[in-house]
Amino acid sequence: MAVEVLPSAKWLYCGEPDESQRAVLVQFSNGKLQNPGNLRFTLYKSNDSTNPRKRSHRIVAAETDRLSYVGNNFGTGALKCNTLCRHFVGILNKTSGQMEVYDAELFNMQPLCSDESIESELTVESQSKTFRDKMDSCIEAFGTTKQKRALNSRRMNRVGSESLSHAVAKAAESIIDTKGVTALVNDAMHDNLQDDSLYLPPCHADAAKPEDVYKFEDLLSPAEYEALRSPSDAFRNVTSEEILKMVEENSHCSFVIEALKSLPSNEESRDHQARCIWFLDTLIKFRAQKVIKRKSVLGPGVPHIINTKLLKQFTCLTYNNGSLRNLISGSMKAKIIAYVIVLALHINDFQIDLTVLQRDLKLSEKRMMEIAKAMRLKISKRKVSLAAGGEEEHRLGTLCVPLPPAQLDRQSKRRRMT
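Residues numbered from 1 in each chain as written. Predicted model: local features only at pLDDT ≥ 70, side-chain atom pairs only at ≥ 80, totals over all residues. Heavy atoms only, no water.

Draft legend 1. Broad picture of the nonpolar core. Counting 64 residues, the largest nonpolar core has Leu 260, Phe 279, Leu 280, Leu 283, Ile 341, Met 368 and Met 375 as the members making the most contacts within it. The set of elements that each furnish at least two residues to this core consists of α6 (216-219), α9 (240-249), α10 (254-261), α11 (267-287), α12 (304-314), α13 (330-347), α14 (354-360) and α15 (365-374). With 13 residues, the top contributor of residues to this core is α13. Setting aside its immediate chain neighbours within four residues, Leu 283 contacts Leu 310, Phe 314, Ile 336, Tyr 339, Val 340 and Leu 343. Counting residues in each nonpolar core, the second largest holds seven residues, with Val 60, Ala 62, Phe 107 and Met 109 among its members. (Core = buried A, V, L, I, M, F, W, Y, C linked by side-chain atoms within 4.5 Å. Buried < 20%, exposed > 50% of the residue type's maximum accessible area, 1.4 Å probe, protein only. Helix = DSSP H or I, 4+ residues; strand = E, 2+ residues; numbered from the N terminus. Contact = heavy atoms within 4.5 Å.)

Draft legend 2. Summary view of the environment of Ile 336. Here Ile 336 shows up in helix α13. Overall, Ile 336 belongs to the buried group, its relative accessible area being 0%. Along the primary structure Ile 336 and Leu 283 are separated by 53 residues, whereas in three dimensions their C-alpha atoms are 6.7 Å apart.

Draft legend 3. Examining the packing of aromatic side chains more closely. As enumerated under the stated definition, the model contains five aromatic pairs in all. Aromatic pair Trp 11 and Phe 88: ring centres 6.3 Å apart, planes at 70°, arrangement edge-to-face. In this pair, Trp 11 sits in strand β1 (residues 10-15) while Phe 88 sits in strand β6 (residues 87-93), placing the two residues 77 residues apart along the sequence. Overall, Trp 11 belongs to the exposed group, its relative accessible area being 60%. Taken together, a centroid distance of 4.9 Å and an interplanar angle of 85° make the contact between Phe 28 and Tyr 69 edge-to-face. Residue Phe 28 is located in strand β2 (residues 23-28), and its partner Tyr 69 is located in strand β5 (residues 68-72); the two are separated by 41 residues in the primary sequence. Of the two residues examined, Phe 28 and Tyr 69, each falls in the buried class. (Phe/Tyr/Trp six-rings, centres within 6.5 Å; stacked < 30°, edge-to-face > 60°.)

Draft legend 4. Just the layout of surface pockets, in detail. Of the pockets and cavities examined, the largest pocket occupies roughly 570 Å³. Cys 253, Ser 254, Phe 255, Val 356 and Asp 360 are the residues nearest the centre of the largest pocket, which is lined by 25 residues in total. The biggest single contributor to the lining of the largest pocket is α10, with six residues. Looking at the lining of the largest pocket residue by residue, the class counts come to nine nonpolar, seven polar and nine charged. The calculated volume of the second largest pocket comes to roughly 360 Å³. Along its surface, the second largest pocket is lined by 14 residues, and Leu 33, Thr 64, Arg 66, Leu 67 and Tyr 69 are the ones closest to its centre. In the lining of the second largest pocket, the residues fall into five nonpolar, six polar and three charged. (1 Å grid on protein atoms, 1.4 Å probe; cavity = no way out; pocket = protein on both sides within 12 Å on 5 of 7 lines; lining within 4 Å. Points joined across faces, edges and corners; volume = space filled by probe spheres on them. Nonpolar A, V, L, I, M, F, W, Y, C, P; charged D, E, K, R; others polar.)

Draft legend 5. Geometry of the confidence of the model for the protein. Averaged over every residue, the pLDDT of the protein is 80; residues scoring 70 or more account for 83%. Within the protein, the element-level pLDDT minimum falls on helix α5 (residues 181-196), averaging 51, and the maximum on helix α7 (residues 222-227), averaging 92. pLDDT under 50 marks residues 190-196. Its contacts with residues more than four places away, or in other chains, come to nine contacts. Ignoring residues within four places in sequence, the model shows residues 410-418, a span with pLDDT below 50, making 17 contacts including any to other chains. (pLDDT = per-residue confidence, 0-100.)

Draft legend 6. Main features of the environment of Glu 365. You can see Glu 365 is positioned in helix α15. A relative accessible area of 38% means that Glu 365 is categorised as partly exposed. Between the C-alpha atom of Glu 365 and that of Arg 395, which follows or precedes it by 30 residues, the distance is 9.1 Å. What Glu 365 contacts, discounting residues up to four positions off in sequence, is Gln 358 and Arg 395.

Draft legend 7. Region of the structure containing the packing of α10 against α11. Two elements in contact, α10 and α11, have axes separated by 10 Å at closest approach and are oriented at 170°. The orientation of α10 with respect to α11, classified from their angle, is roughly antiparallel. Here α10 contributes Phe 255, Val 256, Ala 259 and Leu 260 to the contact with α11, which in turn contributes Ile 277, Leu 280 and Asp 281. Split by residue class, the contact of α10 with α11 holds six nonpolar, no polar and one charged. (Axes fitted to C-alpha atoms, helices over the stretch in contact; angles between N-to-C directions. Parallel < 35°, antiparallel > 145°, perpendicular 65-115°, else oblique.)

Draft legend 8. Quick look at the pattern of salt bridges. Inspection of every chain in the model, using the stated rule, returns 18 salt bridges. Between Asp 136 and Arg 154 there is a salt bridge, with the nearest N and O atoms lying 2.7 Å from each other. Separated by 18 residues along the polypeptide, Asp 136 in helix α3 (residues 131-142) and Arg 154 in helix α4 (residues 145-179) bring together distant segments of the chain. Residue Lys 309 is joined to Glu 224 by a salt bridge in which the shortest nitrogen-to-oxygen separation is 3.3 Å. Here Lys 309, found in helix α12, pairs with Glu 224, found in helix α7; they are 85 residues apart in sequence, far enough to count as distant. Take Lys 309 and Glu 224: they sit in the same class, and that class is buried. (Salt bridge = Lys/Arg side-chain N within 4 Å of Asp/Glu carboxyl O.)

Draft legend 9. Inspection of the environment of Ala 344 at higher detail. Topologically, Ala 344 is positioned in helix α13. Remark: the alpha-carbon pair of Ala 344 and Ile 277, spanning 67 residues in sequence, is separated by 8.1 Å. Once residues lying within four places of it in the same chain are set aside, the contact partners of Ala 344 are Phe 255, Leu 280, Ile 352 and Leu 357.

Draft legend 10. Seen up close, the side chain of His 394. Mapped onto the secondary structure, His 394 falls in strand β13 (residues 391-398). Residue His 394 is classed as buried on the basis of its relative accessible area of 4%. Polar contacts involving the side chain of His 394 include one to the side chain of Asp 353, which spans 2.7 Å. Looking at His 394, its side chain comes within polar contact range of the side chain of Glu 392, at 2.7 Å. Leaving out residues up to four positions away in the same chain, His 394 has contacts with Asp 353, Thr 355, Val 356, Arg 359, Ser 380, Lys 381, Arg 382 and Val 384. (Polar contact = N/O pair within 3.5 Å; in protein donor to acceptor, adjacent residues only side chain to side chain.)

Here's what the structure looks like:
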């Protein structure tokens, strides 16, 4: 019998046969089909067009008189070969001699058993069990030797943990009985004070003079102090008209404006005060930031050495979206507040209006008092006259030696200052 020899065909790549849908190839995991004509196929597409990953999700369902099959191209049942290689379907046009080639996708069809045949009523005992208990029962019945060994180890650890908790409770009762509650509270206060020192400026508690408690040299190095000469010129030579303009434009906070109004006439003292006020103003503006996206966040007017100091001393590095960023966290904001208070004390002869600073820093009174007490300031009250008439009560903070004992709020001693 003569075999018909077909002439060679030309390859014609046609892409996808339907818009955004490749040709479907199926294979059955439990055998081969004897009568393909009895199968009825249905293709389901994901209707989520916004998510690029879900947009290509497909489910193929096949039904016969005896059994149903399902396959998908996502999840654990998807074939890995679809991502490692490409599949094609070719259709030979004998008239034109062209082989039309289309993109295809392979689905692994698995039999779908009806839930009704495997569901049974749960007993009262199984309903009361947790998911972990049910998993443990399965491991006991069907688990491997390694799984059963891990289960026994976990149960032994649970018993050991309960014994340890009981022993710790008894030890704690014994310590409280022998040491006393007062001594334990004092130890807790000492631990909290050590935590506070992480964001407070260096404190010399045994100093004989207020200016030596928080030394100015600990705030600014000689090189940093010298770098403040040029940017502080505007404050050093400020006029009353310029101060009025600052008030109208609300370009500076209340503490800075009041400090500029009372600049000394002595040239050396005026220069020192102007530098301190400018750096305090810079710290307040810097604290208002959250994430530093560029190195010169406060503009080109800030000297490079001061900009580096702000980033290094008052921010923490975080990794986000493949890049490093400088973040002003809650603890860093508290550190800035503490440095602002110390600068204000040096500017105002070691007595400051905490209420004015609190409003400039947009803080709650409770938070301001927490930090002021941690810095061991003496807190007092004073009536202040308002421009519109009437009076209001302000809190004053005074740095005096010897330092008063450290104070800690009952509510705040249980949490860390952040």
